[in-house]
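Topology and contacts: notes
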Amino acid sequence: MNLPDNFDPLSLDNQLCFALYVCSKEIIRRYKPLLDPLNLTYTEYITLMSLWEKDDVTVKELGQRLFLDSGTLTPLLKKMEKQNLLTRRRSTEDERTVYIKLTSEGKAMHNKCKEIPAKMSCCGFIDMKKAPDLMETLHQIMNTISVQ
């Protein structure tokens, strides 16, 4: 990569991680008014999305899918269980393994969330023609980071 002679590696504007952080924070902020009426946080929303794709998974599997550690995931799942969105069940073979399964209310939330992706894409923060390339790049970064 050819960098200009005056490139400052400590300039905040030259930090890819900072740009990703700001984008992530601001996108999640835009989700808030869509999720608040459903009494969901963004993390609860992505947890539901993962469970809608594949239900009755272990906490470990869910954590890997969401890139969340058990210290973050366990309190989240307990809160969602109190909201009657999911159940937690210990394995009979190994009680250290906990399975997560959607309740009927958790499944019904799928219909309540159907419009959220369309409403978010209307925010216009990216040209939708460029979205697949950006998504591919971000997935490459995620896969590289998660391997290390």
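See above for the structure.
The rules behind the values
- Residues numbered from 1 in each chain as written.
- Predicted model: local features only at pLDDT ≥ 70, side-chain atom pairs only at ≥ 80, totals over all residues.
- Heavy atoms only, no water.
- Helix = DSSP H or I, 4+ residues; strand = E, 2+ residues; numbered from the N terminus.
- Rg over C-alpha atoms; globule rule 2.2 N^0.38 Å.
- Buried < 20%, exposed > 50% of the residue type's maximum accessible area, 1.4 Å probe, protein only.
- Contact = heavy atoms within 4.5 Å.
- Areas by Shrake-Rupley, 256 points an atom, 1.4 Å probe, with all protein chains shown as cover.
- Lys, Arg positive; Asp, Glu negative; His and termini not counted.
- Charge placed at Lys NZ, Arg CZ, Asp CG, Glu CD.
- Pairing = 2+ DSSP bridges.
- Disulfide = S-S within 2.5 Å.

Moving on, we come to the overall build of the protein chain. Secondary structure assignment for the protein chain yields seven helices and three strands. Reading the helices (α) and strands (β) of the protein chain from amino to carboxyl end gives α-α-β-α-α-β-β-α-α-α. Over its C-alpha atoms the protein chain spans a radius of gyration of 19 Å, topping by over 25% the 15 Å that the globule rule assigns to 148 residues. Seen along its three principal axes, the alpha-carbon backbone of the protein chain occupies a region of about 60 × 35 × 25 Å. Relative to its 148 residues, the protein chain shows a buried fraction of 23%. A fraction of 52% describes how many contacts in the protein chain between residues 6 or more apart in sequence connect residues 24 or more apart. Carbon and sulfur atoms make up 55% of the accessible area of the protein chain, which amounts to about 10,900 Å² in all. Measuring between centres, the 21 positive side-chain charges of the protein chain sit 6 Å from its 20 negative side-chain charges.

Another aspect to go through is the environment of Phe67. With respect to the helices and strands, Phe67 occurs in the loop between helix H3 (59-66) and helix H4 (70-82). Separated by 44 residues in sequence, Phe67 and Cys23 place their C-alpha atoms 18 Å apart. Beyond its immediate stretch of four places on either side in the chain, Phe67 contacts Met142 and Ser146.

Another point: the sheet that holds strand S2 (residues 86-90). The sheet built from three strands is open, its strands ordered S1-S3-S2 with antiparallel pairing. Every interior strand has two partners, whereas the edge strands, strand S1 (57-58) and S2, have only one. As judged from the five bridges shared by S2 and strand S3 (residues 98-102), these two strands associate in the antiparallel manner. Of the residues in S3, the one forming a bridge with Thr87 is Lys101.

Summed over the entire model, instances satisfying the criterion amount to zero disulfides. Cys23 takes part in no disulfide bond, and the closest cysteine sulfur, belonging to Cys17, lies 12 Å away.

With that out of the way, let us pick up the environment of Asp94. In this fold, Asp94 is placed in the loop between S2 and S3. Residue Asp94 is classed as partly exposed on the basis of its relative accessible area of 26%. Each C-alpha atom, one on Asp94 and one on Asn143, is 30 Å from the other, the two residues being 49 residues apart in sequence.

Keep in mind these values describe shape, not function.
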